[in-house]
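Per-entry structural report
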Amino acid sequence: MDRKACMEFAIGKIGAVLGEKFAAIDAHPTRVRLPDEPLMLADRILSVSGEPLSMTSGGCVTEHDIHPGAWYLDGGSIPTCIAVEAGQADLFVSGYLGIDLKTKGKAVYRLLDAVVTFHDALPGPGKTINYDIRILRFTQQGDTWLFFFEFDGTVDGKPLLTMRKGCAGFFTEAALAEGKGIVFTELDKRPQAGKR
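Below: a short report on this structure. (Residues numbered from 1 in each chain as written. Predicted model: local features only at pLDDT ≥ 70, side-chain atom pairs only at ≥ 80, totals over all residues. Heavy atoms only, no water.)

1. Re the state of the cysteines
All chains considered together, the criterion is met by zero disulfides. Here Cys60 is not cross-linked by a disulfide; its sulfur's nearest cysteine counterpart is in Cys6, at 8.8 Å. Using a relative accessible area of 1% as the deciding quantity, one classes Cys60 as buried. (Disulfide = S-S within 2.5 Å. Buried < 20%, exposed > 50% of the residue type's maximum accessible area, 1.4 Å probe, protein only.)

Below, the structure written as structure tokens:
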């Protein structure tokens, strides 16, 4: 998929990109998408693996081009947060593997956890980051679907970053509204003696 097709997946019709088997998903109130501009960081999808709509494992390989004058450049390099976020096509893979047929548009994506390790300096303009993204498995907990994933990011064939122990899920608006964030216990709230 070129950038135009990635944008169609993000803001257009999934059926136009992935075919008739996916077309009914476009009638759902929501569906998993890549983000719109300016956070669309997948410039192309080079390959896709896994059985479509199978809710098993699969993956894709994407690329992100760092352009001169890119809005996010920091000191002439891609910043850490954008280098990680550019591995965003786990969204695409989860849709390709069929999550929208399970959620019926009534649940939305949230990233829950990940461990990211950098192996080299952050690259700058003229470089392309290649992301090999893999969904390892899906699981269901009550009405909530979760998936576990990882990716490897490389530049010129050399490791740039790895993401492991990735976990994301699809939550209803009601479930998100019930979330209380970090909940402090009475013990947490007690004044603690400190050292100056």
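2. Looking at the pairing of strand β6 (residues 158–171)
For β6, the tally of buried residues reaches ten of 14 residues, placing the bulk of the element in the interior. As paired strands, strand β3 (residues 108–118) and β6 are joined by nine bridges and run antiparallel to one another. Pairing of Val116 across the sheet is with Met163, part of β6. Bridging between strand β5 (residues 144–155) and β6 involves ten bridges; their strand directions are antiparallel. The partner of Val155 across the bridge, within β6, is Lys158. Hairpin geometry of β5 and β6 is characterised by an intervening segment of two residues between the two adjacent antiparallel strands and by a positive phi of about 55 degrees at Asp156. (Helix = DSSP H or I, 4+ residues; strand = E, 2+ residues; numbered from the N terminus. Pairing = 2+ DSSP bridges.)

3. What about the sheet that holds strand β2 (residues 58–65)?
Strand-to-strand pairing in sheets goes through backbone hydrogen bonds, with the strands running parallel or antiparallel. Within the open sheet, the six strands sit side by side as β1-β2-β4-β5-β6-β3. Their pairing is antiparallel. Taken across any chain shown, the strands that pair with only one partner, and hence form the sheet edges, are β1 (44–50) and β3. Across the sheet, the axes of successive neighbouring strands diverge by a mean angle of 20 degrees, strand direction being ignored. By the bridge criterion, eight bridges tie β2 to strand β4 (residues 128–141) in an arrangement that is antiparallel. Opposite Glu63, over in β4, you have Asn130 as the bridge partner. (Axes fitted to C-alpha atoms, helices over the stretch in contact; angles between N-to-C directions.)

4. Let's talk about the packing of aromatic side chains
Summed over the entire model, instances satisfying the criterion amount to ten aromatic pairs. When the ring of Phe92 is compared with that of Tyr96, the centres are 6.2 Å apart and the planes differ by 20 degrees; the resulting orientation is stacked. Of this pair, Phe92 and Tyr96 are both found in helix α4 (residues 90–96), four residues apart, which corresponds to roughly one turn of the helix. With a relative accessible area of 1%, Phe92 lands in the buried category. Consider the rings of Phe147 and Phe170, whose centres lie 6.1 Å apart with planes at 35 degrees: the pair is tilted. Residue Phe147 is located in strand β5, and its partner Phe170 is located in strand β6; the two are separated by 23 residues in the primary sequence. (Phe/Tyr/Trp six-rings, centres within 6.5 Å; stacked < 30°, edge-to-face > 60°.)

5. Quick look at the pattern of salt bridges
Under the defined criterion, the tally for this structure stands at 13 salt bridges. Ionic pairing is found between Arg44 and Asp65, a salt bridge with its closest N-O pair at 2.4 Å. With Arg44 in strand β1 and Asp65 in strand β2, the pair connects residues that are 21 residues apart, well separated along the chain. A relative accessible area of 14% means that Asp65 is categorised as buried. (Salt bridge = Lys/Arg side-chain N within 4 Å of Asp/Glu carboxyl O.)

By themselves these figures say nothing about function.
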